[in-house]
Amino acid sequence: MNVLLQLVILVFLSPGLLHAASLRILTENLPPLNYVKDGVLMGPSVEMVKEIQRRIGSTEEIQVYPWARAYQMALEEENVVLFGMSHTPPRESKFQWVGPLATKRDILVAKKGSNIVINSLEDAKKVQRIGVLRDDTKEEFLESRGFTNLDPVSDERKNAQKLILGRIDLWVFKKPGLKTVCDLAGVDNDAVEEVFDLRETKVDIAFSLKTPDDVVVKWRAAFAEMLADGTVEAIRRKWDVE
């Protein structure tokens, strides 16, 4: 084997290039942080991730998957990045984290005129059906508190539509994002109302545990730089998210 060929093989087998080539960057269609509109992926989380990529020289394409599938990939496979994921205590040890990208508030939503009054989680257990996103932290949160009346779907737009049609009594969603997802679902935002505040959580970038430490460190350093130079705050102001 000649010297030139040996050098080429060594270059392509170097750990940095292998990591970069195999990294998969995933997100879901979940307004307003990351979503597809007219075939274009947009949102503040998307802008932040793309800016990190620009700063570290990452050229991988962001892929949009249904949440349940993307979550399993991040949980089980190597070199997987998934954003934006709610950073909750049960998930802490399952991933490596970079963020936060934003803060969200989980809420219960009802159709206006339904006369549904929720003063506690026990009140919410009494309705017939609550729309949730399958394998989402909000579903996990309610299941852990004994809810058996959950009706999961793969896309939050379906929950908005089902609420208006009377096919569910409540919908677990979040702010910011309620108006955006209603608009995308063709639902009048003024026809729904928040009836209960569940909790507040941070939204982060999650790396599978099988992602090399040096990759995660590089992303963390770029995000820290963006926090320090005001880039993160500017993106949050642009999109009106915290």
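Further up the page is the structure itself.
Parameters at a glance
Residues numbered from 1 in each chain as written. Predicted model: local features only at pLDDT ≥ 70, side-chain atom pairs only at ≥ 80, totals over all residues. Heavy atoms only, no water. Axes fitted to C-alpha atoms, helices over the stretch in contact; angles between N-to-C directions. Helix = DSSP H or I, 4+ residues; strand = E, 2+ residues; numbered from the N terminus. Parallel < 35°, antiparallel > 145°, perpendicular 65-115°, else oblique. Contact = heavy atoms within 4.5 Å. Nonpolar A, V, L, I, M, F, W, Y, C, P; charged D, E, K, R; others polar. Expected span 1.5 Å × (residues − 1). Buried < 20%, exposed > 50% of the residue type's maximum accessible area, 1.4 Å probe, protein only. Core = buried A, V, L, I, M, F, W, Y, C linked by side-chain atoms within 4.5 Å.

Visitor: Could you clarify how one ought to interpret the packing of helix α7 (residues 156-165) against helix α8 (residues 178-185) in this entry?
Guide: Axes are the key here: two packed helices are described by the angle between their axes and the distance separating the axes. Between α7 and α8, whose axes approach to 9 Å, the crossing angle comes to 80°. As the angle between them shows, α7 and α8 are arranged roughly perpendicular. Of the residues in α8, those in contact with Glu-156, Arg-157, Ala-160 and Gln-161 of α7 are Val-181, Leu-184 and Ala-185. Tallied by class, residues from the contact of α7 with α8 come to four nonpolar, one polar and two charged.

Visitor: Looking at this structure, I do not really get helix α3 (residues 44-56). What am I missing?
Guide: An α-helix turns once every 3.6 residues. As a result, residues three or four positions apart point the same way. Compared with an ideal rise of 1.5 Å per residue, which puts 13 residues at 18 Å, α3 spans 19 Å between its outermost C-alpha atoms and is within 8% of the ideal. Within the span of α3, buried status applies to Pro-44, Ser-45, Val-46, Met-48, Val-49, Glu-51, Ile-52 and Gln-53. Remark: Gly-57 follows α3 within two positions and exhibits a positive phi of approximately 80°.

Visitor: It is not clear to me how the nonpolar core should be interpreted in this structure. Could you clarify?
Guide: Considering soluble globular proteins, one finds that nonpolar side chains tend to be buried as a cluster. Among the nonpolar cores identified, the biggest contains 22 residues, and Ile-25, Phe-83, Ile-205, Phe-207 and Trp-219 are the most heavily contacted of them. Elements represented by at least two residues in this core include exactly α3, β5 (80-87), β6 (95-111), β10 (192-208), α9 (213-228) and α10 (231-239). With six residues, the single largest contributor to this core is α9. Not counting chain neighbours up to four residues away, the residues in contact with Ile-205 comprise Val-49, Ile-52, Val-81, Leu-82, Phe-83, Gln-96, Trp-97, Val-98, Leu-101 and Trp-219. Core analysis: the second largest hydrophobic core is formed by 16 residues, Ile-118, Ala-124, Phe-147 and Val-172 among them.

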